[in-house]
Amino acid sequence: MLERLLITGANGSLGSICRQRLGHLAKTVRVSARRDLGEAGPNEELVFCDLDDKAAVEAMVEGCDGIIHMGGKAVEGSWETVKAANIEGMFNLYEGARKSSVRPRILFASSHHVTGFHRQTARLNAETSPVRPDGLYAVSKVFGEALARMYFDKFGIETASVRIGSCFPEPSSHRMMSSWLSADDMVALAERIFNVPRLGCPVLYGVSDNASTWWDNSTAGYLGWSPKDSSEQFRSKLDAEQTPPKHDEADAIYQGGLFCTDVIHED
Ligand code: 15L
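These numbers were taken from a predicted model, which means no experiment stands behind them.

1. A closer look at the overall build of the chain
The secondary structure content of the chain amounts to eight helices and nine strands. Based on the C-alpha atoms only, the size of the chain along its principal axes is roughly 55 × 40 × 40 Å. Residue burial in the chain is summarised as follows: out of 267 residues, 53% are buried. When the accessible surface of the chain is summed, it comes to about 11,800 Å², and 52% of that surface belongs to carbon and sulfur atoms. Charge-centre separation for the chain: the mean point of 28 positive side chains lies 5 Å from the mean point of 36 negative side chains.

Set out below in structure tokens:
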């Protein structure tokens, strides 16, 4: 059991699930966001923090032997926003980890958009397939994965970079039939990441056991994570509600779907 687990972005959709369902991993859970954390639970500490505030992030990380890093910009944004939250924020978090009196194990919420420009006809392995980021947000996640790797190779800080697919109650597009990740499968993956004796620094896709799949997680098999849910349960409902994208539309061509056609945002 961990002494103190930090969950960043704890007021976001995935961070909230972690807060609700992973408290048993640690004696104390430090939940963090910029605002809106509600009341502290019995074993919780609340920390309000901007990820680009280096001193505050380092203080937040101190004493945590586990970190679930869900914080930061989770969709495309302007360079200024992405840089502050996902570039500077990641650096600050890992500097905090390096300087901390305890060495944390980290789950980094990366994104499948790091390979978003690969075609939906490709089958990828996160350790061996080249990145093809589909926007600035995706580029920041490539940076995050590289940073995690460097802090492992140089300082022994273990991280699982999880390229999360589409973690929603149900797929809201035909593309998400392949990228869908259930909350139950995400929670089970986090449990494995913090319970496995030796984590190392794997990169894997966070995706359920969907019938249609683009991703091969065999190189992370030692984690012992077997997703149980499948998006097939939603197919008839989705087909009744939506027409699938046409074969020449981005949502039918690229794994990153419409993220691939997004413009460069300016503040
Ligand atoms: C992501 O990376 C986003 O955080 C999420 O909101 C979804 O858009 C997801 O990708 C997706 O591609 O479905």
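2. Structural notes on helix α3 (residues 79–99)
Under the 1.5 Å per step criterion, the end-to-end length of α3 is 28 Å for 21 residues, consistent within 8% with the ideal 30 Å. If you look at α3, its biggest bend is around 35 degrees, right at Gly 89. The inward-facing, buried residues of α3 abut β1 (2–8), α2 (54–61), β4 (66–69), β5 (105–111), α4 (136–155) and β7 (159–164).

3. Focus on unusual backbone geometry
The phi torsion at Asp 36 lies on the positive side, around 55 degrees, for a residue other than glycine. With respect to the helices, strands and loops of the structure, Asp 36 is situated in the loop between β2 (26–33) and β3 (44–48). Residue Asp 36 is classed as exposed on the basis of its relative accessible area, which comes to 58%.

4. Regarding helix α1 (residues 13–21)
Listed as buried for α1 are Leu 14, Gly 15, Ile 17, Cys 18 and Arg 19. The secondary structure elements touched by the buried residues of α1 are β1, β2, β3, β4, β7 and α6 (183–195).

5. Observations regarding the side chain of Glu 95
On the secondary structure map, Glu 95 appears in helix α3. For Glu 95, a relative accessible area of 9% gives the class buried.

6. Concerning the side chain of Asp 185
With respect to the helices and strands, the residue Asp 185 is situated in helix α6. No salt bridge forms around the buried Asp 185; measuring N to O, its nearest opposite-charge neighbour Lys 228 is 6.6 Å away. Within the structure, Asp 185 has its side chain in polar contact with the backbone nitrogen of Lys 228 (distance 2.8 Å). The residues contacting Asp 185, other than those within four sequence positions of it, are Ser 208, Asp 209, Trp 225, Pro 227, Lys 228 and Asp 229.

7. Considerations on the sheet that holds β1
By definition, the strands of a sheet pair up through backbone hydrogen bonds, in either a parallel or an antiparallel sense. Within the open sheet, the seven strands sit side by side as β3-β2-β1-β4-β5-β7-β8. Their pairing is parallel. The open sheet has two edge strands, β3 and β8 (203–206), and neither has a second partner. Each neighbouring strand pair of the sheet contributes to a mean axis angle of 20 degrees, computed without reference to strand direction. As paired strands, β2 and β3 are joined by five bridges and run parallel to one another. Along β3, the bridge assignment pairs Ala 33 with Phe 48. Against the sheet, α3 makes contact with β1, β4, β5 and β7, and its axis sits at roughly 170 degrees relative to β5, the strand it touches most. Against the sheet, α6 touches β1, β4, β5, β7 and β8, its axis set at about 145 degrees to β5.

8. Some words on the environment of Trp 225
Inspection of the secondary structure assignment puts Trp 225 in the loop between β9 (215–216) and α7 (235–241). According to the relative accessible area criterion, Trp 225 is buried, its value standing at 13%. Taking the C-alpha atoms as reference points, Trp 225 and Thr 121, 104 residues apart in sequence, are found 25 Å from one another. Once residues within four sequence positions are removed from consideration, Trp 225 is found in contact with Leu 181, Asp 185, Ala 188, Leu 189, Arg 192, Leu 204, Tyr 205, Gly 206, Val 207 and Asn 217. A polar contact is formed between the side chain of Trp 225 and the backbone oxygen of Asp 185, at a distance of 3.1 Å.

9. Some words on the site of the ligand
Neighbouring residues of the ligand: Ala 74, Val 75, Ser 111, His 112, His 113, Tyr 137, Gly 165, Ser 166, Phe 168, Arg 175, Met 176 and Phe 259. Here an oxygen atom of the ligand sits 2.7 Å away from a polar atom, N or O, in the side chain of His 112. Note that an oxygen atom of the ligand is positioned 3.1 Å from one of the side-chain N or O atoms of Arg 175. Coverage of the ligand by the protein amounts to 83% of the 320 Å² it exposes when considered alone. When the residues that make up the shell around the ligand are grouped by side-chain class, the tally is six nonpolar, five polar and one charged.

The rules behind the values
- Residues numbered from 1 in each chain as written.
- Predicted model: local features only at pLDDT ≥ 70, side-chain atom pairs only at ≥ 80, totals over all residues.
- Heavy atoms only, no water.
- Helix = DSSP H or I, 4+ residues; strand = E, 2+ residues; numbered from the N terminus.
- Buried < 20%, exposed > 50% of the residue type's maximum accessible area, 1.4 Å probe, protein only.
- Areas by Shrake-Rupley, 256 points an atom, 1.4 Å probe, with all protein chains shown as cover.
- Lys, Arg positive; Asp, Glu negative; His and termini not counted.
- Charge placed at Lys NZ, Arg CZ, Asp CG, Glu CD.
- Expected span 1.5 Å × (residues − 1).
- Bend = angle between axes of the 7 residues up to and from the residue.
- Contact = heavy atoms within 4.5 Å.
- Salt bridge = Lys/Arg side-chain N within 4 Å of Asp/Glu carboxyl O.
- Polar contact = N/O pair within 3.5 Å; in protein donor to acceptor, adjacent residues only side chain to side chain.
- Pairing = 2+ DSSP bridges.
- Axes fitted to C-alpha atoms, helices over the stretch in contact; angles between N-to-C directions.
- Near = heavy atom within 4 Å.
- Nonpolar A, V, L, I, M, F, W, Y, C, P; charged D, E, K, R; others polar.

In short, shape yes, function no, at least from these values alone.
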